[in-house]
Amino acid sequence: MPKKILFIMCDQLRFDYLGCTGHPSIKTPNIDALAARGVRFDKTYVQSPICGPSRMSFYTGRYVHSHGSSWNGYPLRVGEMTLGDHLRPLGVRTVLCGKTHMIADLAGMARMGIDPTSETGALLAEGGFEVWDRNDGVVPDGARKQPSHYNRYLNDHGYEGPNPWHHAANSGKSDAGEVLSGWLLKHASEPAAVAEEDSETPYTTTRAIEFMEQARDESWCLHLSYIKPHWPYIVPAPYHDMYSADDIIPVKRSDMERDDPHPLMAGYYGYRYSQAFSREDVRRAVIPAYMGLITQIDDQIGRLMTYLSDSGQLDDTLIVFTSDHGDYLGDHWMGEKELFHDQSARIPLIIVDPSASADATRGTVVTDLTEAIDLVPTFVEYFGGTVPDHILEGRSLLPAVRGDATSPRAYVISEYDYSTRPFLRHLSPNAKSCLLTMVFDGRWKMIWVEGHRPMLYDLETDPDEFVDLGTDQAYAAEITRLSAAMFAWARRQHNRVTLSDDKIDNDMCHDDAVEGVYLGFWDATELDAWKADNKPATE
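The following paragraphs examine the structure supplied in this document. All values reported here derive from a predicted model rather than from experimental measurement. (Residues numbered from 1 in each chain as written. Predicted model: local features only at pLDDT ≥ 70, side-chain atom pairs only at ≥ 80, totals over all residues. Heavy atoms only, no water.)

### Some remarks on the side chain of aspartate 324
So the rule is basically this: A run of DSSP states H or I qualifies as a helix once it reaches four residues; a run of E qualifies as a strand once it reaches two. Both are numbered from the N-terminal end. Side-chain atoms alone can form a polar contact between residues adjacent in sequence; in general such a contact is a pair of N or O atoms within 3.5 Å, and within protein one must be able to donate a hydrogen while the other accepts it. Between two residues, a contact is recorded if the distance between any of their heavy atoms is within 4.5 Å.
Mapped onto the elements of the fold, aspartate 324 is located in the loop between strand 8 (317-323) and helix 13 (342-345). Engagement of the side chain of aspartate 324 in a polar contact is seen with the side chain of arginine 55, the distance being 3.0 Å. Leaving out residues up to four positions away in the same chain, aspartate 324 has contacts with Met9, Cys10, Asp11, Gln12, Val46, Ser48, Cys51, Ser54, Arg55, Phe58 and Ile347.

Okay, here's the thing in structure tokens:
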């Protein structure tokens, strides 16, 4: 049977909202079973704590600093190699079912004369994926929309109107038939108007199984990318009331965080997401729904595992389970994501390797620092390819999965561009300087804020990240050390992707005179002497 990868990504799933990562009441037995069969990487961080740039780093294996797609809606420029570009030469179909947040560089394609409807153009427009079913989510009536297979599916199953995704899947209904929009947080505790089997997560699972069934004799990497538990926070019965306020873990926030905060934090505290999730009534409505969405995903993971087992593909399929970022849910007086506390930037990551060489590590937990960009080199190595380390900036995790010793990463990097955020633009003179960079070494977490002082947290003495030490001179040495690490990272080679190091070392790093470029010799006598001293070894 050909080798395969099932690359499962949730959207906005926090690292600590799984049974296997310590949540005291959430029901995730199928995801927990993956952790028991594989390796859980406990300290994995995204390269940007927001959907678009995080995913572009997942798909390119490169930092945001390198690929340049630094916020939602920023196109990934033509020429950036993605997962499919690395796997197709290995005979692997690279297929999407679900969300990517990919925005095509149509201007770049036009400049190069590439037709977006051609085979090459379609791959470029879709981030290198062969699209089986793309669903990035939907917005309410009156806002921007995307063409949707899912809306057509709902119409075919009796849900009427031009936008049943909003009116049924993302909304409840009152006894009088009024649409109770899931975009309004007060409705989070209502059951969605869609039947559970027709809701987004089962639909996406069914479509994925349809692909795996028709491609069971092929080698593939299927990116099954759920759009939940991302807002709108509304879930169909029976998941809508599976959890209650009693299941909500205590909020992690402190009054000291709002006592003379960093200007960046002050900007976020004033925004409506944060003000909403600072309210207990919002948390009581939203968090049980968020947990229900996660358990619904878990049940669909069970469907997938049953299918793979029954179809004879389980023992040939590497399974990866992860998320593109987290969700504050009121912690640190904030909602949404976007900054670098663990609730936002740290993600779950589980890898189940079916090979016998991974038997010794099953059920173990790796606590070394890992990054989202580590997955592309992992996939390349799994399929037997050579990792092009002049392009890919992550490290293969396959050695760790198979029990081989690896050198731990000294720090992780995550970046954010707040240029589109009006409530923060007073912090920056222009769109080019709206840059945030996190450097985390496993204990000390520094956030570099361009044009302002850095922030610093000591997660050993302050694991909840309440105390910003950035103004305390007693910790100036830590800021200096982490700043030096950040600048060294920023100065290293990020953009030479057309030539490998081996090509340079073996074919190009030599005296020009070897190729007959005799610049620098005074006369023929000097040149002849050089030639005599530098005869090829074969002569």
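### Observations concerning the pattern of salt bridges
Threshold: For salt bridges, the criterion is a side-chain nitrogen of Lys or Arg within 4 Å of an Asp or Glu carboxyl oxygen. Categorising residues by exposure relies on relative accessible area from a 1.4 Å probe, with only protein chains included: less than 20% of the type maximum marks a residue as buried, more than 50% marks it as exposed, and the intermediate range marks it as partly exposed.
Counted under the stated rule, the structure contains 39 salt bridges. For the salt bridge of aspartate 11 with lysine 99, the shortest nitrogen-to-oxygen distance reads 2.4 Å. Here aspartate 11 is found in strand 1 (residues 4-11), whereas its partner lysine 99 is found in the loop between strand 3 (93-98) and helix 5 (106-111), with 88 residues between them in sequence. Taken as a pair, aspartate 11 and lysine 99 share a single burial class, namely buried. Notably, a salt bridge pairs aspartate 464 with lysine 252, separated by 3.6 Å at the nearest N-O pair. Of this pair, aspartate 464 sits in the loop between strand 15 (455-458) and helix 16 (476-491) while lysine 252 sits in the loop between strand 7 (220-229) and helix 10 (263-269), and the two are 212 residues apart along the sequence. One continuous salt-bridge network, built from bridges that share partners, spans Arg40, Asp42, Lys43, Asp342, Arg346, Lys445 and Glu465.

### Observations concerning helix 7 (residues 149-156)
The criterion, for reference: Read the arc as the range of directions from the helix axis to the C-beta atoms.
For helix 7, the full list of buried residues reads Tyr150, Asn151, Tyr153 and Leu154. Taken down its axis, helix 7 places every buried residue within 155° of arc, on the same side. Contacts made by the buried residues of helix 7 are with helix 8 (164-169) and helix 9 (200-214). Following helix 7 by one or two positions, glycine 158 has its phi on the positive side, about 95°.

### As for the packing of helix 9 against helix 12 (residues 280-310)
What counts, and what does not: Angular values range over 0 to 180 degrees, each being the angle between N-to-C directions of two axes fitted as lines to C-alpha atoms, with helices fitted over their stretch in contact. Roughly parallel here means an angle under 35 degrees, roughly antiparallel means over 145, roughly perpendicular means 65 to 115, and every remaining angle is called oblique. Crossing chirality is assigned from the near helix's rotation relative to the far helix, an anticlockwise turn below a right angle marking it left-handed and a clockwise turn marking it right-handed. Gly is placed with the polar residues, together with every amino acid not listed as nonpolar (Ala, Val, Leu, Ile, Met, Phe, Trp, Tyr, Cys and Pro) or charged (Asp, Glu, Lys and Arg).
One can describe the packing of helix 9 onto helix 12 by two numbers: an axis separation of 10 Å at closest approach and a directional angle of 15°. Regarding the angle of helix 9 to helix 12, the classification is roughly parallel. Taken as a pair, helix 9 and helix 12 cross one another with a handedness that is right-handed. Seen from helix 9, the contacting residues are Thr201, Pro202, Thr205, Thr206, Ile209, Met212 and Glu213; seen from helix 12, they are Gln296, Ile297, Gln300, Arg303, Leu304, Tyr307 and Leu308. In terms of residue class, the contact of helix 9 with helix 12 is made up of seven nonpolar, five polar and two charged.

### Observations concerning the pairing of strand 1
The following threshold applies: Here the rule is simple: two strands pair whenever DSSP picks up at least two bridges between them.
Along strand 1, eight of the eight residues are buried, which leaves the element largely enclosed by surrounding structure. Looking at chain direction, strand 1 and strand 8 are connected through seven bridges and run parallel. Bridging from a neighbouring strand, methionine 9 pairs with threonine 322 of strand 8. In terms of strand pairing, strand 1 meets strand 7 through seven bridges, oriented parallel. Note that in strand 7 the partner of aspartate 11 across the bridge is proline 229.

### Some details on the sheet that holds strand 15
Judged by pairing direction, the sheet is antiparallel, and its four strands sit side by side in the order 12-13-14-15 without closing on themselves. Taken across any chain shown, the strands that pair with only one partner, and hence form the sheet edges, are strand 12 (412-417) and strand 15. The sheet shows a mean angle of 15° between the axes of neighbouring strands, taken without regard to direction. In the sheet, strand 12 pairs with strand 13 (residues 435-440) via six bridges, with the strands oriented antiparallel. Directly across from isoleucine 413, in strand 13, lies its bridge partner valine 439. Here helix 16 sits on the sheet in contact with strand 12, strand 13, strand 14 (444-449) and strand 15, set at roughly 65° to strand 14.

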